[in-house]
Amino acid sequence: MNVLADFYAAHSKLIDQVGIDALLALSLSISLQAGQLALAQAAFMGVAAYISAVLALNAHWTLLPAMLVATLCSTIVAGLLALPVRRLRGIFLAIATIAFGEIVRIVANNLAISGGAEGLSGIPPDATTPWIYGTLVIVSTGLWFFSRTKFALAIALVREDESAARGVGVDVGLVRFTTLAIGGAIAGLAGALYAHSNFFITPADFGFGRMEQILVWCVIGGITSPLGAAIGAALLTILPEAIRALADYRDFVNGIILLVVVLFAPRGLAGIRLGKRR
Amino acid sequence: MKRPVFFAFALAATCALIPTAVVGPSLAATTKGPAAGKTVKVGVIADVTGSAAVYGVQQKDAYELANDDLKSGLLDAGGANLSFDVEDAASDGNQVANLFQKFTTDGTALILGPTLSGEARKGDPIAVAAKTAVVGTSTTADGITSLGPCVFRVSLSEAQVVPATVAHTKAVWKYKTAAIIYGDDNAFTKTDGDIFKTQLEKAGVSIVDTETFHVGDKDFAASLTKIKAAKPDVIVLGALAEEAEKIIQQASTLGIKTHMMGGNGLNSTKIYDYAGPAAAGVVVGAAWSINGNYTGNKSFVERFKKRYGVEPDQFGAQAYAAAQLVAQLVKEGKATKDEMCPALRELRVAQTVLGPIAFDPGRDVSAAPVILQIEKGGFAYFH
Amino acid sequence: MVGQQLVNGLFLGAVYALFAIGYTLVFGVLDILNLAHAAIFMLAAFATWSLLGAGLPFWLAAPIAIAGAGVLGIVLDRIAFAPLRRRAAPNLIPLISSIGMAIIFGAIARGIYGPDERQFALAFLQTPPLHAGPLTFTIVQLVILGSAIAFMLGLAWVMRATALGRAIRAVAEDRVAAALLGIDLERTIGATFFIASALGGLAGILTALQYNSVQIDMGGQIELKGLAVIVLGGMGSITGAVIGGFVIGMVETLAVAFGLSEWRDAISYGVMFLILIVRPTGLFGKRSLRTA
């Protein structure tokens, strides 16, 4: 037991990071399952992080209410975004959402209430490991049940062949809106947890770099598999620490791993395990 | 193994042993303090790669130089086995947190760094909770030392440097209007710009134009054209070297001949290297002068240049100063985590390449800023 | 002052335009967003710096670096995109592949050159600025403007008047039909990458000259701006990339001129977003919306 306690004491931050990153990967995975390349998770995360941080710092809210309100806001933002981009597909959707993300980041940078470039400091570290993993378990369970519903079938159909889906009466617009909103909600949860476990947030935490990271986790883990996405996130979050001995070569190794998985395991790591199923 | 291979191996092994035999005696040349023979681990968190690498590499170079100097006796740790373990946080907040956690759980006595103020805000609380002392060498934003009772800083903050800069330049240049151009997406440059604005207004100077830019920008023509039209008596740069050099050069291209000044970020010889004569006369409020005569400064600059082929800048100097400070503490016998914080608090003075330094009650460094003026080949003191 | 600001916008736009041409070419032909384009932009500038350091004169170093960039583009395609084509992977995968290559290129550059900024020690960079009435500009800026226009015209000529150009346009229009017509797909795609990357390399060298700065991060900002440019101009349209480049450059400069410098980038992204919502094909693009 002591060994476990020592391990936790020495690595609790990394463990927490893995939990949050897994949530972020799940949030993108939902959109990807509908075939939507909606790359605004980092922005949703940022919106929730800032709102929950401001509530905690200025109004002394505790974690749960702050997190819930923040997540509600990020979900609303996601829903609002779904409207103008409803006709966009593929790379056009990706670019539009990236643009949206950058605008959100710049707004956070220029407003006084968000602290501007100096960020918000001294956020109470209420989001401990039980909170993070508790949220992860609840979200995963919810997604698992969700995947057993008819709506989930509709989502898969929209991804495989949108016109066919329309043909059998699926409301494509509703599917896209819902997956974006759910993604916004999960990213929001992750954002609030992030703010309350990092002491300090700054607009740069939620920019294109973060978005690229989340995308890479999903691709490495497997686009159509939420479990894969979460595992991809876990592996790539641990990676820089695991290969710390490689010092200056870590970047290089990162790129190589990315390339190798993309070229030789296009269904991601989840694809390797499940074999040639789909 | 085949014969020749065996001999080659034996030869190589012997060659590896000889330097140890030679270095041995010189170790004995250092003094023997109360911590002699003890191993003291000091953890350094620096952004050697990533967006802040330009600063992190200087810091890493300074600490590795310090490690060499400890071995050769140039830095005296009283016979203790002191070494600086530089770890790369890759300008990534997550890695910063992980490194802080590592250093607070593996017997490290003291943490130096991290490179950026934002990183300090993320990581220092971890050290504070674990009661490990942290000494920042490049974090200059507000509110860092108030993160905890064992968070110290050897880097003069902008709040300490700017008032002196404004006072000196106003006395000589007697300006009445000013324009400020500063980076709005970087905590350091934004704080710099804000503090200059406050200080100038306090001194009765009216700000006729304010322009902002982003980190990584290279084209300042639009902003400078506006500034030129506002005809200020002095132009203030809230910038780091990479942007400052371009602003200065492009201002000259546009025919702007106004006095210019800035804070710590401009303390780099790269500016003259880039902008040439256009940079001459720019005033820099700094914490260190490359030409300064302080303890071991000239020798430090020479050795740094010799080993790395580039001159040290303020980031490197402040890192090396921290190393000097730590060596002094270890020489006095401080070797463990619990001894470091009180030792830092009780420090009367440490002689470093920054000059004599101590800590004020708020744990910020108490040292005098130097007001410099850029000239060919380095910096002169501003009169 | 307005005149000078317009001139400023013109030169900024020329840089964006040059970069965007290569970006849009690859997208037009392959529907791939090549996020390693910015890395080649940066490597070409460093290659020129190294060649100059080795003693070559500029008029030799630059063309070699540009050709090298072109070759690197072909290598990039062979490693990161061609294998995926054979597998008919969805468009997301080549994007990730290009991210991987961008990271690798960046790591190599950092390993060789380190994070410090380098300068060119070239005499013609030190020439005093020119004046035309109240306007000020430098020789380098004129060269960049001239190059952008010259290469756009040159590329337009290649696309209309040569067999290769026709092949590229055919592949962009309909890959299957082009193959049926006997066009060698792989060779055409290789040529496309060569041209696009050579242009990206040229943009990198000229940008490095313009600001006398070579640095491993130099592609970062322009990568996202380039996206805004090609969206505005129409993805796949070379004319669009050029016009879009000048428009974005002008918009940014005028944003600063009107006191909105904090929102400068947000305005460019806002334009990008609006165009995608209202008219996704941009000003000149002919592509219809495509599925993922």
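Summary of the structure given here. These numbers were taken from a predicted model, which means no experiment stands behind them. (Residues numbered from 1 in each chain as written. Chains lettered and ligands numbered in written order. Predicted model: local features only at pLDDT ≥ 70, side-chain atom pairs only at ≥ 80, totals over all residues. Heavy atoms only, no water.)

## Thoughts on the interface of chain A and chain C
Accessible area lost when the parts come together is the quantity often used to give the size of an interface.
So, point 1. Residue-level contacts link 40 residues of chain A with 40 residues of chain C.
So, point 2. Around 3,700 Å² of area is buried between chain A and chain C when both sides are counted, 82% of it from carbon and sulfur atoms.
So, point 3. Of all residues in chain A, A:Phe92, A:Ile95 and A:Leu263 bury the most surface against chain C, accounting for 18% of the area lost on that side.
So, point 4. Here chain A is connected to chain C by one salt bridge.
So, point 5. The interface formed by chain A and chain C includes one residue pair in polar contact (both at pLDDT 80 or more).
So, point 6. Elements with a minimum of two residues in the side of chain A that touches chain C: α4 (90–110), α9 (208–221) and α11 (250–264) of chain A.
So, point 7. Considering every element that reaches the side of chain A that touches chain C, the biggest residue donor is α4(A), with 13 residues. (Contact = heavy atoms within 4.5 Å. Buried area = accessible area lost by both parts, 1.4 Å probe. Salt bridge = Lys/Arg side-chain N within 4 Å of Asp/Glu carboxyl O. Polar contact = N/O pair within 3.5 Å; in protein donor to acceptor, adjacent residues only side chain to side chain. Helix = DSSP H or I, 4+ residues; strand = E, 2+ residues; numbered from the N terminus.)

## Some details on the sheet that holds strand β13 (residues 365–366) of chain B
Residue and element names in this part refer to chain B.
So, point 1. One open sheet accounts for three strands, arranged β11-β12-β13; its pairing is antiparallel. A strand with exactly one partner marks an edge of an open sheet, and here the two such strands are β11 (350–352) and β13.
So, point 2. Here β11 pairs with strand β12 (residues 355–359) via three bridges, running antiparallel. Bridge assignment links Ala350 to a residue of β12, and that residue is Ile357. (Pairing = 2+ DSSP bridges.)

## Considering the interface of chain A and chain B
So, point 1. Opposite the 23 residues of chain A that make contact, chain B presents 25 residues.
So, point 2. Each partner contributes to the roughly 2,100 Å² buried at the junction of chain A and chain B, and carbon and sulfur atoms together form 44% of this total.
So, point 3. Our enumeration of links across chain A and chain B arrives at four salt bridges.
So, point 4. With its nearest N and O atoms 3.3 Å apart, the salt bridge here joins A:Glu118 to B:Lys190.
So, point 5. Counting across the chain A and chain B interface gives 15 residue pairs in polar contact (both at pLDDT 80 or more).
So, point 6. At the level of elements, α1 (2–33), α4, α8 (172–198) and α10 (226–242) of chain A are the ones that each hand at least two residues to the side of chain A that touches chain B.
So, point 7. With eight residues, α1(A) is the largest single contributor of residues to the side of chain A that touches chain B.
So, point 8. Grouping the constituent residues of the side of chain A that touches chain B by class yields eight nonpolar, seven polar and eight charged. (Nonpolar A, V, L, I, M, F, W, Y, C, P; charged D, E, K, R; others polar.)

## Overview of empty space enclosed by the protein
Residues and elements named next belong to chain B.
So, point 1. Counted by the stated rule, this structure contains seven cavities of 30 Å³ or more.
So, point 2. Roughly 80 Å³ of volume is contained in the second largest cavity.
So, point 3. Lining the second largest cavity are 13 residues, and of these Ala241, Gly265, Ser268, Asp313 and Phe315 lie nearest its centre.
So, point 4. Elements with a contribution of two residues or more to the lining of the second largest cavity: α2 (53–72), α8 (241–253) and α11 (314–331).
So, point 5. Each residue belonging to the lining of the second largest cavity can be placed in one class, and the counts come to five nonpolar, five polar and three charged. (1 Å grid on protein atoms, 1.4 Å probe; cavity = no way out; pocket = protein on both sides within 12 Å on 5 of 7 lines; lining within 4 Å. Points joined across faces, edges and corners; volume = space filled by probe spheres on them.)

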